[in-house]
Amino acid sequence: AQKVTQAQTEISVVEKEDVTLDCVYETRDTTYYLFWYKQPPSGELVFLIRRNSFDEQNEISGRYSWNFQKSTSSFNFTITASQVVDSAVYFCALSGHAGNNRKLIWGLGTSLAVNP
Amino acid sequence: SQTIHQWPATLVQPVGSPLSLECTVEGTSNPNLYWYRQAAGRGLQLLFYSVGIGQISSEVPQNLSASRPQDRQFILSSKKLLLSDSGFYLCAWSHRQGKNQPQHFGDGTRLSIL
């Protein structure tokens, strides 16, 4: 069975702090894809990144970076120098390669509050 | 570029009334389409997905149904709403070609049942 665990339910930081959101996944597929989404207070889900299981290079996009560690089945997300606009719920998700790869397995999300 | 439109943004309905939420996608053809519900606890629950006109897969038994009368139109319906149908409903699309494509979401509909 596939599963995504986001152990941190809520995180609160002060602006300019760095913050890491954890994501641990379980899958038996050898090929799979991992995703991060952001849900700001307005409600829409915004796609941030997709990473396939064969690409373990870390990725950086501005203040955002992602650390994919296959050995620990983790795909953690770090925001550097956080800003108030980063306040949102962040979801990690997984889709497998075999069978029905159209569906995403979602974590329960981490609510990030960045305080001024 | 592709866009997804979902309406209405908010809806208040009495118990037992019917429901129709509509979602349309522009700028792409043959998308996969999805309906999700997000309850107060934040978890996203996949309700239906569709890979083509008239092709609907239901993920959980419930009081809701979905239809895809046109390639880029996805409708979520109910004949009689229950209190438990309250929640935030999200429509999403993804490219059909290629595996494991990211899903892109509409702005959502907040449904309150009284």
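Treat the numbers as computed from the prediction; the structure is a model and nothing was measured. Each chain carries its own residue numbering, running from 1 in the direction its sequence is written. By the order in which they are written, chains take letters starting at A while ligands take numbers starting at 1. Per-residue local features of the predicted model are confined to residues with pLDDT of at least 70, and side-chain atom pairs are confined, for both listing and counting, to 80 or more; whole-chain, interface and lining totals are unaffected and use all residues. With hydrogens and water stripped out, all remaining heavy atoms of the structure feed into the side-chain values.

Enquirer: Quick one: what's the story with the interface of chain B and chain A, residue by residue and with numbers?
Expert: Opposite the 23 residues of chain B that make contact, chain A presents 27 residues. The term buried area denotes the loss of accessible surface (1.4 Å probe radius) that occurs when two parts are joined, taken as the sum for both partners. Of the roughly 2000 Å² buried between chain B and chain A on both sides combined, carbon and sulfur atoms contribute 52%. Within this document, salt bridges are pairs made up of a side-chain nitrogen of Lys or Arg and a carboxyl oxygen of Asp or Glu, the two lying within 4 Å of each other. For the interface between chain B and chain A, the tally reads one salt bridge. With a closest N to O distance of 2.9 Å, Glu59(B) and Lys103(A) form a salt bridge. Polar contact is the term for a pair of N or O atoms within 3.5 Å; when the atoms are in protein, one must be able to donate a hydrogen and the other to accept it, and sequence-neighboring residues count only if both atoms are side-chain atoms. Along the contact surface separating chain B from chain A lie seven residue pairs in polar contact (both at pLDDT 80 or more). Strands are runs of DSSP state E lasting at least 2 residues, helices are runs of H or I lasting at least 4, and numbering of each runs from the N terminus. Of all elements in the fold, only β4 (32–38), β5 (44–52), β9 (87–94) and β10 (104–105) of chain B reach the threshold of two or more residues within the side of chain B that touches chain A. By definition in these notes, contact holds between two residues if any of their heavy atoms fall within 4.5 Å.

Enquirer: Let's hear about the pairing of strand β8 (residues 64–69) of chain A: which residues, and what values?
Expert: Residues and elements named next belong to chain A. Judged by which residues are buried, β8 turns out to be one-sided: Tyr-64, Trp-66 and Phe-68 face inward and are buried, whereas Ser-65, Asn-67 and Gln-69, on the alternate face, are not. Following DSSP output, two strands are said to pair if at least two bridges run between them. By the bridge criterion, three bridges tie strand β7 (residues 59–61) to β8 in an arrangement that is antiparallel. From the neighbouring strand, Ser-61 faces β8, where its bridge partner is Tyr-64. Taking the residues that link successive antiparallel strands as the turn, the β7-β8 hairpin has two residues, and the phi of Gly-62 there is positive, at about 65°. Here β8 runs beside strand β9 (residues 74–79); their pairing, made up of six bridges, is antiparallel. The residue bridging Ser-65 from the neighbouring strand is Thr-78, located in β9. The antiparallel pairing of β8 with β9 creates a hairpin that spans four residues between the two strands, and Ser-73 there sits at a positive phi of about 50°. Buried means the residue's accessible area, taken with a 1.4 Å probe over protein chains only, is under 20% of the maximum for its type, while exposed means over 50%, and partly exposed covers the values in between.

Enquirer: Please give an account of the confidence of the model for chain A that cites residues and values.
Expert: It should be kept in mind that the predicted coordinates are not to be read in detail where pLDDT is low. As a per-residue measure, pLDDT tells how confident the predictor is, with possible values from 0 to 100. Across chain A, pLDDT averages 92, with 95% of residues at or above 70. Strand β3 (residues 19–21) of chain A holds the highest mean pLDDT among the elements of chain A, 98, whereas β7(A) holds the lowest, 88.

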